[in-house]
Amino acid sequence: MHNTIMHNTTMHNAIMHNTTMHNAIMHNLFMHKAVIQILMFINRTRELAILNRHSQSIKSGARINIALFGLRRIGKTELLLQFRNTVVDENLLVSYINLQKIIPDTEGFVKAYSKELIYDIARQNTDEYVDYPYEMEDLLILASKLGDMEIRHVRKLMSTLKQQEFAEDELLGLTFDFAQKLAEKHEKKIIFILDEFQELLQVHSRFLQIMRSITEKQKDVNYWISGSVFSVFDEMLNHKNPFFGQFIRITLENFNRESTHELIDSTLGFKLTENHKDKIYKFTNGQPHYTVVVCRKISEQYAL
Ligand SMILES: Nc1ncnc2c1ncn2[C@@H]1O[C@H](COP(=O)(O)OP(=O)(O)OP(=O)(O)O)[C@@H](O)[C@H]1O
Ligand SMILES: [Mg+2]
């Protein structure tokens, strides 16, 4: 009887653990794509070197905002995640939000922003496994492991969000301020990656002004943004716009022949002739996403 209870408890724990693990893997797959990405990341050595150089300058006290521009499916997300996954530095916190994957309003943004920061810092501060805080209640529990400042922030966020008509400006202010407070308290520099930044323009009509007025004074928080809608991005990064005029621009291009061949080899898992690989390169013009799509089609045919 005792054994059975023990066994059931163990089973229960195992199932709970598996569920937690499953959630974590799903989170990685859908929010960060980290699992897939490590296996087959190709090229972008020049861009990675640039990002690494800038992150080193940030560590030495510089403040560097970056705007990564590239057409759809060119590899912006892959590059940003690859950079993030390769940073192993206790003094640097690299947080990431894909803005296409959150609810595009102020509530969705402020929740995602605080969740990522708290989750990332909690993971960096411990060797233990940390559950992702999907619910605000989970976030409060996680914040309580970090300290009073973090608890106060999450409580304030929760209470403000519960009000029928909350002041969105105040909520955004509270949110951006939190990053700087967190950086100071934990003595870290923060790089906050906001992937598909143009989505934020839907969040709040004055989003950019609010972000600018608060974040330009923050010495430890750096924003690395990416976008694919050139017209929006160009307007935002116009030199007449004093805040965004300071962003360093990086533009992603298609792969060259050599990298396209490498991507073909890694995607197919079997060797094609150079001639066939050149044909694919000519067809896709080195666009990584299309190259992968073509290779998958070839794999399907080959399997039949
Ligand atoms: N460096 C890379 N190594 C391997 N595959 C890549 C790389 N870059 C891009 N790809 C392939 O191209 C696809 C699209 O890349 P990604 O999602 O990063 O593009 P994106 O520019 O972020 O697109 P979107 O504008 O839709 O957000 C990836 O799913 C992957 O298959
Ligand atoms: Mg993307």
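Criteria and cut-off values
Residues numbered from 1 in each chain as written. Chains lettered and ligands numbered in written order. Predicted model: local features only at pLDDT ≥ 70, side-chain atom pairs only at ≥ 80, totals over all residues. Heavy atoms only, no water. Helix = DSSP H or I, 4+ residues; strand = E, 2+ residues; numbered from the N terminus. Buried < 20%, exposed > 50% of the residue type's maximum accessible area, 1.4 Å probe, protein only. Contact = heavy atoms within 4.5 Å. Areas by Shrake-Rupley, 256 points an atom, 1.4 Å probe, with all protein chains shown as cover. pLDDT = per-residue confidence, 0-100. Near = heavy atom within 4 Å. Polar contact = N/O pair within 3.5 Å; in protein donor to acceptor, adjacent residues only side chain to side chain. Nonpolar A, V, L, I, M, F, W, Y, C, P; charged D, E, K, R; others polar. Domains from an automatic or database assignment. Phe/Tyr/Trp six-rings, centres within 6.5 Å; stacked < 30°, edge-to-face > 60°. Pairing = 2+ DSSP bridges. Right-handed = clockwise from strand over helix to strand, strands pointing away. Core = buried A, V, L, I, M, F, W, Y, C linked by side-chain atoms within 4.5 Å. Axes fitted to C-alpha atoms, helices over the stretch in contact; angles between N-to-C directions.

Draft legend 1. Fine view of the overall build of the chain. The secondary structure content of the chain amounts to 13 helices and 5 strands. Expressed as a percentage of its 304 residues, the buried residues of the chain come to 49%. For the chain, the proportion of contacts with a sequence separation of at least 24, taken over those separated by at least 6, is 74%. Total accessible area on the chain is roughly 16,400 Å²; 54% of this is exposed by carbon and sulfur atoms.

Draft legend 2. Expanded view of unusual backbone geometry. Even without glycine at this site, Arg44 takes up a positive phi of about 60°. Position of Arg44 among the secondary structure elements: in the loop between α2 (34-40) and α3 (45-59). Arg44 sits in the buried class, given a relative accessible area of 4%.

Draft legend 3. Quick look at the confidence of the model for the chain. With 85% of its residues at a pLDDT of 70 or more, the chain has an overall mean of 86. Overall, residues 1-38 carries pLDDT values under 50, and its contacts beyond four positions in sequence, including any with other chains, amount to 33 contacts.

Draft legend 4. The site of ligand 1, seen in detail. In the neighbourhood of ligand 1, 20 residues make up the surrounding shell, with Ile42, Arg72, Lys76, Thr77 and Glu196 lying closest. Ile74 places a main-chain nitrogen or oxygen 3.2 Å from an oxygen atom of ligand 1. At 3.0 Å from an oxygen atom of ligand 1 is found a main-chain nitrogen or oxygen belonging to Gly75. Calculation on ligand 1 without its partners gives an accessible area of 630 Å², and the protein chains cover 92% of this total. Elements with a minimum of two residues in the shell around ligand 1: α4 (76-86) and α13 (288-303). Looking at the shell around ligand 1, its residues break down into 9 nonpolar, 4 polar and 7 charged. Formed jointly, the shell around ligand 1 draws a minimum of three residues from each of two domains, domain 2 (45-251) and domain 3 (257-303).

Draft legend 5. Spatial organisation of the packing of aromatic side chains. Inspection of the entire model under this criterion finds 11 aromatic pairs. Ring centres of Phe109 and Phe207 lie 5.2 Å apart, and the angle between their planes is 85°; on these two criteria the pair is classed as edge-to-face. You can see Phe109 sitting in helix α5 (residues 106-125) and its partner Phe207 sitting in helix α9 (residues 207-215), a full 98 residues away along the chain. In this structure, Phe109 and Phe207 share a single accessibility class: buried. Between Phe192 and Tyr223, the ring centres sit 6.3 Å apart and the planes meet at 10°, which makes this aromatic pair stacked. Linking Phe192 in strand β3 (residues 189-195) with Tyr223 in strand β4 (residues 221-227), this pair joins segments that are 31 residues apart in sequence.

Draft legend 6. Just the pairing of β3, in detail. Counting buried positions over the 7 residues of β3 gives 7, a clear majority of the element. Here strand β2 (residues 92-98) runs beside β3; their pairing, made up of 7 bridges, is parallel. Bridged to Tyr96 within β3 is Ile193. With 5 bridges joining them, β3 and β4 adopt parallel strand pairing. Paired with Ile190 across the bridge in β4 is Val221. Remark: the β3/α9/β4 crossover connection has right-handed handedness.

Draft legend 7. Region of interest: the nonpolar core. Residues Phe109, Leu194, Phe197, Tyr223 and Ile225 are the most contacted members of the largest nonpolar core, which totals 55 residues. The greatest single-element share of this core, amounting to 9 residues, is contributed by α5. With residues up to four places along the chain from it excluded, the contact list for Tyr223 reads Ile64, Asn65, Ile66, Tyr113, Phe176, Phe192, Leu194, Met211, Thr215, Gln218 and Phe247. By size, the runner-up hydrophobic cluster in this structure holds 22 residues, among which are Leu68, Ile74, Leu80 and Trp224.

Draft legend 8. Broad picture of the sheet that holds strand β1 (residues 66-69). Ordered by their spatial adjacency, 5 strands build an open sheet running β2-β3-β4-β1-β5, and the pairing between neighbours is parallel. Since the sheet does not close on itself, it has two edges, and those belong to β2 and β5 (248-251), each with one partner. Averaged over all adjacent pairs, the angle separating strand axes in this sheet is 15°, with direction ignored. Both β1 and β5 contribute to a ladder of 4 bridges, which runs parallel. Paired with Ile66 across the bridge in β5 is Ile248.

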